[in-house]
Amino acid sequence: MSRALGPFAAVLSRDLLLAWRGRADVLVTLAFFVVVVCLFPFGVGAEPNLLRTIAPGVLWVAALLSTLLSLHRLFAQDHADGTLEQLLLTPEPTVLWVVAKISAHWIATGLPLVVVAPGLALLFDVEQGALGVLILSLALGTPILALLGAVGAALTLGLRGGGMLLALLVLPLFVPVLIFGAGAVDAYLSGSGAQAHLLLLGGGLLASLALAPLACAAALRIAVE
């Protein structure tokens, strides 16, 4: 176990350090999330009941688009400087360092969205009880977006116009996460309970964690050949 955790921790710490050095890109993603959420009240008006109704969907759509904005950076730099080829040549399991890279990417780009979202939800007058459901749905859902997005990023790595193709590939996969994530808050507010939606998100996270790194590793091998 410790032998496996060593390479995982090394890649994780390396990618987090690179994210910190390039924190301007991380801040752009976070700023995009904040701006998108703040623009909606200007477009739909300041009627409190309407804002409370659209809040879950607005926050989730903004989180989805912010995640999509940052996906192209997941493997691009390592591919450009040859690090990706070196990682693929190491005896360590490819899936291990792929999970580490995805984890670092989520910590740098997804976790800040989860932290900031409750404050933005207060702008929409979301009740206190729903904030916990919102945080939990984002905490379960944004890693799924990162895992699925990593597969798309690997498939489009090095392709001309890969950013547009990446969006076309992953957006349909993001839709169920969006439905269950926003639906969890809506279900709580309607009184029917958010447990079913959160359980589905939890199941989706486990399935994505089991399958997405394998698909991502295979796509990366194809991309560097």
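Residues numbered from 1 in each chain as written. Predicted model: local features only at pLDDT ≥ 70, side-chain atom pairs only at ≥ 80, totals over all residues. Heavy atoms only, no water.

What follows covers the overall build of the protein. Across its full length, the protein carries nine helices and zero strands. Helices (α) and strands (β) of the protein occur, in sequence order from the N terminus, as α-α-α-α-α-α-α-α-α. Relative to the 2.2 N^0.38 estimate, which gives 17 Å for 225 residues, the radius of gyration of the protein is 18 Å and therefore close to what a compact globule would have. With the C-alpha coordinates of the protein rotated into their principal frame, the extents come out at 55 × 35 × 30 Å. For the protein, buried positions account for 43% of its 225 residues. By sequence separation, contacts in the protein at least 24 residues apart represent 80% of the contacts at least 6 residues apart. Carbon and sulfur atoms make up 72% of the accessible area of the protein, which amounts to about 11,000 Å² in all. (Helix = DSSP H or I, 4+ residues; strand = E, 2+ residues; numbered from the N terminus. Rg over C-alpha atoms; globule rule 2.2 N^0.38 Å. Buried < 20%, exposed > 50% of the residue type's maximum accessible area, 1.4 Å probe, protein only. Contact = heavy atoms within 4.5 Å. Areas by Shrake-Rupley, 256 points an atom, 1.4 Å probe, with all protein chains shown as cover.)

This paragraph deals with the packing of aromatic side chains. All chains considered together, the criterion is met by zero aromatic pairs. Sitting above the plane of the Trp20 ring, Arg23 keeps its charged end 4.3 Å from the centroid. (Phe/Tyr/Trp six-rings, centres within 6.5 Å; stacked < 30°, edge-to-face > 60°. Lys NZ or Arg CZ within 6 Å of the ring centre and 35° of its normal.)

For Leu205, the location among the structural elements is in helix α9 (residues 195-224). Between the C-alpha atoms of Leu205 and Leu148, which are 57 residues apart in sequence, the distance is 9.9 Å. The residues touching Leu205, leaving out its near neighbours within four places in the chain, are Leu140, Pro143, Ile144 and Leu147.

Further remarks concern the environment of Gly45. Looking at the element boundaries, Gly45 is found in the loop between α2 (23-44) and α3 (48-70). Owing to a relative accessible area of 27%, Gly45 belongs among the partly exposed residues under this scheme. As for Gly45 and Ala108, which are separated by 63 residues in sequence, their C-alpha atoms are 33 Å apart.

Feature annotation in UniProt assigns "transmembrane region" (unreviewed entry) to the following positions: residues 26-45, 57-75, 95-124, 131-159, 165-189 and 198-224. Across residues 131-159 one finds 86% helix and 0% strand; the C-alpha atoms that close the span lie 40 Å apart. Strand forms 0% of residues 165-189 and helix 100%; the C-alpha atoms that close the span are 37 Å apart. (UniProt positions renumbered as here; feature names shortened; annotations may be inferred.)

For helix α8 (residues 162-190), which comprises 29 residues, the first-to-last C-alpha distance of 41 Å matches the rise-based estimate of 42 Å (1.5 Å per residue) to within 8%. The largest bend in α8 comes to about 35°, at Leu171, with the proline Pro172 one to four residues further on. Among the residues of α8, those classed as buried are Gly162, Leu166, Ala167, Val170, Phe174, Val177, Gly181, Ala182, Gly183, Ala184, Val185 and Ala187. Looking at the buried positions of α8, the neighbouring elements they touch are α3, α7 (128-155) and α9. Looking one or two residues beyond α8, the residue adopting positive phi is Gly191, at roughly 90°. (Expected span 1.5 Å × (residues − 1). Bend = angle between axes of the 7 residues up to and from the residue.)

Here Leu16 is to be found in helix α1 (residues 2-21). Residues Leu16 and Leu178 lie 162 residues apart in sequence; the distance between their C-alpha atoms is 27 Å. In this view, Leu16 contacts Ala104 and Ile107; residues no more than four positions away in its chain are not counted.

A word on the nonpolar core. One finds Phe33, Val37, Phe75, Trp97, Leu134, Cys216 and Leu220 to be the most contacted residues of the largest nonpolar core, which totals 67 residues. At 15 residues, α7 tops the list of elements feeding residues into this core. Aside from chain neighbours lying at most four places away, what touches Phe75 is Lys101, Ala150, Ala153, Ala154, Leu157, Cys216 and Leu220. (Core = buried A, V, L, I, M, F, W, Y, C linked by side-chain atoms within 4.5 Å.)

A word on the packing of α7 against α8. Where α7 meets α8, the axes come as close as 9 Å, and the angle between the chain directions of the two elements is 170°. Of the possible angle classes, the one that applies to α7 and α8 is roughly antiparallel. Tallied by class, residues from the contact of α7 with α8 come to 18 nonpolar, six polar and no charged. (Axes fitted to C-alpha atoms, helices over the stretch in contact; angles between N-to-C directions. Parallel < 35°, antiparallel > 145°, perpendicular 65-115°, else oblique. Nonpolar A, V, L, I, M, F, W, Y, C, P; charged D, E, K, R; others polar.)

With 23 residues, α3 should cover 33 Å at 1.5 Å per step; its first-to-last C-alpha distance of 32 Å lies within 8% of that length. At Ile54, α3 shows its maximal bend, which comes to roughly 45°, and the proline Pro56 appears one to four places after that position. A side-chain oxygen of the first residue of α3 lies 3.2 Å from the backbone nitrogen of Asn49; this N-cap is Glu47. (Polar contact = N/O pair within 3.5 Å; in protein donor to acceptor, adjacent residues only side chain to side chain.)

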